[in-house]
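Residues per chain, in single letters:
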Amino acid sequence: MIALDQLTYEQFERHGLDLLERELGVDGLARFLRSNRSGPGAYTRDRDEWLKYSTLDQIKESIRKNRPHSGRLRSGETPSSRQYFGACAAIGKLF
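Residues numbered from 1 in each chain as written. Predicted model: local features only at pLDDT ≥ 70, side-chain atom pairs only at ≥ 80, totals over all residues. Heavy atoms only, no water.

Counting its secondary structure elements, the protein contains 4 helices and 0 strands. In sequence order, the secondary structure elements of the protein are arranged as α-α-α-α. In the protein, which comprises 95 residues, the share counted as buried stands at 3%. About 9,100 Å² of surface is accessible on the protein, with carbon and sulfur atoms providing 55% of the total. (Helix = DSSP H or I, 4+ residues; strand = E, 2+ residues; numbered from the N terminus. Buried < 20%, exposed > 50% of the residue type's maximum accessible area, 1.4 Å probe, protein only. Areas by Shrake-Rupley, 256 points an atom, 1.4 Å probe, with all protein chains shown as cover.)

Structure below.
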């Protein structure tokens, strides 16, 4: 295997798609590609317009209300590997 930094853009993209297909399966890969494609519009400009009159507290409350799960463990519950690695990834983005 060639080092990732030595792959051409096309080779790198193919390698990434192969990894996604291996981990997610064909259906999961298709879902990932649909959810991450570029769409019409200018998200940053639109977001600024949507949030123009919102306070930070209102934004945080909206996030809390719209989360499917709080992410907190109940008494006696142990974290799954998905929760653990998700938390690690979130923490990593902070630094």
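Next comes the rest of the write-up.
Once that is clear, we can look at the confidence of the model for the protein. Detailed reading of predicted coordinates is not advised where the pLDDT is low. In this model, the protein carries an average pLDDT of 76, and 67% of its residues clear a pLDDT of 70 or more. Within the protein, the element-level pLDDT minimum falls on helix α4 (residues 81-94), averaging 56, and the maximum on helix α1 (residues 9-35), averaging 89. (pLDDT = per-residue confidence, 0-100.)

Helix length check: α1 (27 residues) gives 21 Å between terminal C-alpha atoms against 39 Å at 1.5 Å per residue, more than 12% under. Its axis deflected by about 120° at Gly 25, α1 carries its strongest bend there. (Expected span 1.5 Å × (residues − 1). Bend = angle between axes of the 7 residues up to and from the residue.)

Take the environment of Ala 30 next. Turning to its location among the elements, Ala 30 is positioned in helix α1. In the structure, Ala 30 is positioned 10 residues away from Leu 20 in sequence and 9.6 Å away in space, judged by C-alpha atoms.

Across all of its chains, the model carries 6 salt bridges by this definition. The residue Arg 47 makes a salt bridge to Asp 48 at a minimum N-O spacing of 3.5 Å. (Salt bridge = Lys/Arg side-chain N within 4 Å of Asp/Glu carboxyl O.)

Residues Leu 24, Phe 32 and Leu 33 make up a contiguous nonpolar surface patch of roughly 260 Å² in combined accessible area. With respect to the helices, strands and loops of the structure, Phe 32 is situated in helix α1. The class for Phe 32 is partly exposed, based on a relative accessible area of 34%. (Patch = residues over 30% accessible without salt bridge, like charges linked within 9 Å, V, L, I, M, F, W, Y side chains within 5 Å.)

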